[in-house]
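# Observations on the three-dimensional arrangement
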Amino acid sequence: MFNEMGFFNRVRRNVSPIHGVVLDPYGDEDATEGLIRSVDTFVLGGIVDDSGWRYATRELADKVGYNLKRVRISLRGSRVGVPDRLNKIMSIILRVKEGESLEESIIGEQSNADKFTRLLRDTTMNGDLEGNARWLKAGDRIKERVRKIVNRTRPESSSYPQ
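Because the structure is a prediction, the values reported are computed rather than measured. (Residues numbered from 1 in each chain as written. Predicted model: local features only at pLDDT ≥ 70, side-chain atom pairs only at ≥ 80, totals over all residues. Heavy atoms only, no water.)

### What to know about the packing of helix α6 (residues 112-126) against helix α7 (residues 129-136)
Between α6 and α7, whose axes approach to 9 Å, the crossing angle comes to 145 degrees. The crossing of α6 and α7 is right-handed. Packed against α6, whose contacting residues are Lys 115, Arg 118, Leu 119, Asp 122, Thr 123 and Asn 126, the element α7 presents Leu 129, Asn 132, Ala 133, Trp 135 and Leu 136 at the interface. Classifying every residue of the contact of α6 with α7 by side-chain character gives five nonpolar, three polar and three charged. (Axes fitted to C-alpha atoms, helices over the stretch in contact; angles between N-to-C directions. Helix = DSSP H or I, 4+ residues; strand = E, 2+ residues; numbered from the N terminus. Left-handed = near helix turned anticlockwise from the far one by under 90°. Contact = heavy atoms within 4.5 Å. Nonpolar A, V, L, I, M, F, W, Y, C, P; charged D, E, K, R; others polar.)

Rendered as C-alpha cells:
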C-alpha cells in the first residue's frame, strides 16, 4: 500500500555517522532536555507493550545496525503515564526542541488514560491525591476515579479484601 501511495519503507544502512539516539522504552538511560536539544536524529522505537515483545526496539536496532545511544522518555523516573503513541512522542520531542521542559511536554501530551494511570500509581505510593492531581493537571473526573479505587483498597475500607 505504501509503495502505491509513493512512500518507500526502507531501512537506512551504511549511512554517514549521525548525531542521534534511539528512543527505546527500555533504554539504558533517561532522556534529558539537554540531550533532546543536542541531537538531530531520533530513531523511534516500539511503543511500550508489556504483553508482547519487550526488547523489540533494542533487537531491531541491533539487527539494522543503528549503533546509537538508547534512551527512554520517563516522567520523574518512571515510564508510567508517558504517552506511548508515536505522534505523541514526536510532539514531546518537538515541544522540548522549542524550549519547553520535558516534564511539561509529557504532561501536556498525556491522554486522560495516561493521567489516570500515573495519578493512581503516585497516589497509591504517596497518598497525596490532591498534590499529584495538581502536578499532573488532572481533572475532577480523573481524581474521582482514582479516589474510588484508592478508597476501596485501603485496609479500613469495608470493601477491602479480608
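Having put the structure on the table, let's press on.
### A closer look at helix α8 (residues 140-152)
Compared with an ideal rise of 1.5 Å per residue, which puts 13 residues at 18 Å, α8 spans 18 Å between its outermost C-alpha atoms and is within 8% of the ideal. Inspection of α8 places Ile 142, Lys 143, Val 146 and Val 150 among the buried residues, and these make up the whole buried set. All buried residues of α8 fall inside an arc of 95 degrees around its axis, so they share one side. Residues of α8 that are exposed and angled more than 90 degrees away from the buried face: Asp 140, Arg 141 and Lys 148. Tucked into the core, α8 has its buried residues touching α6 and α7. (Expected span 1.5 Å × (residues − 1). Buried < 20%, exposed > 50% of the residue type's maximum accessible area, 1.4 Å probe, protein only. Arc of directions from axis to C-beta.)

### What to know about the environment of Val 80
Structurally, Val 80 can be placed in the loop between β4 (69-72) and α4 (86-97). Considering only alpha carbons, one finds Val 80 and Arg 121, 41 residues apart in sequence, at a separation of 7.9 Å. Each residue touching Val 80, except ones within four places of it in the same chain, is listed here: Thr 117, Arg 118 and Arg 121.

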